[in-house]
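# Notes for the structure review
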Amino acid sequence: MSAPGSIVVPAVSERARRLERAIGIAALLGIVATVCLGLWVTPADQVQGDLVRLVYLHPGVAWVALYLAFGLAAVSSLLYLWPRTRSLFWDRLAAAAVEVGVVFNACTLISGSIWGRPTWGVWWAWDARLTSTAVLLVLFLGYLALRRVPAEPEVRAKRSAFVALFAAVDVPIVHFSVLWWRTLHQGATVLNPDLSPTIHGSMAWTLLLGFVSLTLVFVWMLLVRYRIGVLEDALAGRELDAALRERRAEGDPDGADTPADDQRTLAPLDQREGERVAVEAGSAVLREGAR
Amino acid sequence: MRYVDAGYSFVLGILFLYGAHLLWRRKRLTRDVERVAAASAREEGE
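Residues numbered from 1 in each chain as written. Chains lettered and ligands numbered in written order. Predicted model: local features only at pLDDT ≥ 70, side-chain atom pairs only at ≥ 80, totals over all residues.

Across its full length, chain B holds one helix and zero strands. Here the C-alpha coordinates of chain B stretch approximately 65 × 5 × 5 Å along the principal axes. In chain B, buried positions account for 15% of the 46 residues. (Helix = DSSP H or I, 4+ residues; strand = E, 2+ residues; numbered from the N terminus. Buried ≥ 20, exposed ≤ 12 C-beta atoms within 10 Å, placed from the backbone.)

See below:
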């Protein structure tokens, strides 16, 4: 048991630090290689000319946002809601995946728009693929906004998990939109229904390298963002404790006339048995102050 | 090529800025946690 007001943050092992650094360096080298191959080594396309070079980036960021980030967020949220696997680890992992996924989703829309302007003649079209991807971004921005609403960690985790699962329903809609509706957007180049890639040679290898590099970038960002979540939760718990002790001292400087009920409620606070108890105690103190 | 250059610049720029932002956030939070931990240790000592 830790002392009152102490802060408990799981330490990061040296091995984990080295792994994170290795992933970061590999991601950086992969991105540099993809850019060099994509811009200067691979040939131009017969139809699209140099514009085809955007293929080494745009599908890769979409792959990370839709399938890796939002897929991971959905699975983590499901594991949080499942009583046998319920743990704040899954909640933090989902939050980290969504934040990184939102950045990649924005990159998907921006790079797609830049590609669409010279190809289709417009920056934006209310096409099924584009619109469903934009809706996905808005849904997961809503998820991030919801997480900022003050609440007990368990309550926040539960409602965030429901929202993540609801938002993730849009992922298959985005994927199949090019098959279900007549769209401006082309069909899948690699993951098409025949599983027969329509890209070959150095272009195919560079595309694959782009996918791997961007996946490594995602993993690195996820690790860093997850650690940020752990630190934020630790600090939030500590600040809540400090505020409650301060309020308690203000309301009862001598400790002589504290009602017995509040004593019982506040006693576990000193034992740091969790933020839930702290919030309950805070409510009791505030109610007493209001009287 | 200007659309290609713009696409690469935007995507890689956003990813770079977000990555740098993550590192800054983690560094700041780690420093805050260490400060709070040191203050707690001092309180316990008194």
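Right, picking up where we left off after that structure.
For the rest of this paragraph, the subject is the overall build of chain A. Across its full length, chain A carries nine helices and zero strands. Each helix (α) and strand (β) of chain A, taken in turn from the N terminus, gives the series α-α-α-α-α-α-α-α-α. For chain A, buried positions account for 32% of its 291 residues. Residue pairs at least 24 apart in sequence account for 78% of intrachain contacts in chain A once pairs closer than 6 positions are excluded. (Contact = placed C-beta atoms within 7 Å.)

Here we take up the packing of helix H4 (residues 128-147) of chain A against helix H6 (residues 170-180) of chain A. Residues and elements named next belong to chain A. Between H4 and H6, the shortest axis-to-axis distance is 8 Å and the interhelical angle comes to 165°. As judged from the angle between their axes, H4 and H6 are roughly antiparallel. Here the hand of the crossing between H4 and H6 comes out left-handed. Each of Ala128, Arg129, Ser132, Thr133, Val135, Leu136 and Leu139 in H4 lies in contact with H6, whose residues at this interface are Asp170, Val171, Ile173, Val174, Ser177 and Val178. For the contact of H4 with H6, the residue count by class is eight nonpolar, three polar and two charged. (Axes fitted to C-alpha atoms, helices over the stretch in contact; angles between N-to-C directions. Parallel < 35°, antiparallel > 145°, perpendicular 65-115°, else oblique. Left-handed = near helix turned anticlockwise from the far one by under 90°. Nonpolar A, V, L, I, M, F, W, Y, C, P; charged D, E, K, R; others polar.)

Each side of the interface is counted separately: chain A has 32 residues, and chain B has 25 residues. Listed by contribution, the elements that provide at least two residues to the side of chain A that touches chain B are helix H3 (88-120) and helix H7 (201-251) of chain A.

Turning our attention to the nonpolar core. By size, the foremost hydrophobic cluster in this structure holds 61 residues, and its most contacted members are Ala69(A), Ala73(A), Ala94(A), Ala97(A), Val98(A) and Ala164(A). Elements supplying a minimum of two residues to this core: helix H1 (14-41), helix H2 (58-81), H3, H4, helix H5 (153-168), H6 and H7 of chain A together with helix H1 (2-45) of chain B. It is H3(A) that contributes the most residues to this core, 14 residues altogether. Excluding anything up to four places from it in sequence, Ala164(A) contacts Ala73(A), Ala74(A), Ser77(A), Ala94(A), Val98(A) and Tyr143(A). (Core = buried A, V, L, I, M, F, W, Y, C linked by C-beta atoms within 7 Å.)

Taking 1.5 Å of rise per residue, 20 residues should cover 28 Å, and H4(A) covers 29 Å from first to last C-alpha, within 8% of that figure. Taken together, the buried residues of H4(A) touch H2, H3, H5 and H6 of chain A. (Expected span 1.5 Å × (residues − 1).)

Turning our eyes to something else, we now look at H5(A). Since the α-helix advances by 3.6 residues per turn, residues separated by three or four positions end up pointing in the same direction. All names here are of chain A. An ideal rise of 1.5 Å per residue puts 22 Å on 16 residues; H5 measures up with 22 Å between its terminal C-alpha atoms. All buried positions along H5 are accounted for by Ala157, Ser160, Ala161, Val163, Ala164, Ala167 and Ala168. Where H5 is buried, its residues meet H2, H3, H4 and H6.

Turning next to the environment of Leu209(A). Residue and element names in this part refer to chain A. Tracing the sequence through the fold places leucine 209 in helix H7. A count of 18 C-beta atoms within 10 Å places leucine 209 in the partly exposed class. Here the alpha-carbon distance between leucine 209 and leucine 66, two residues 143 residues apart in the chain, equals 18 Å. Leave out the neighbours within four places in its chain, and leucine 209 touches Gly30, Ala33, Thr34 and Leu37.

So, about the packing of H2(A) against H6(A). All names here are of chain A. It is the contact of H2 with H6, at a shortest axis distance of 10 Å, that shows an interaxial angle of 170°. Classified by the angle their axes make, H2 and H6 are roughly antiparallel. The chirality of how H2 crosses H6 is left-handed. Where H2 approaches H6, its residues Leu66, Phe70 and Gly71 are matched on the opposing element by Val171, Val174 and His175. Split into classes, the residues belonging to the contact of H2 with H6 amount to four nonpolar, two polar and no charged.

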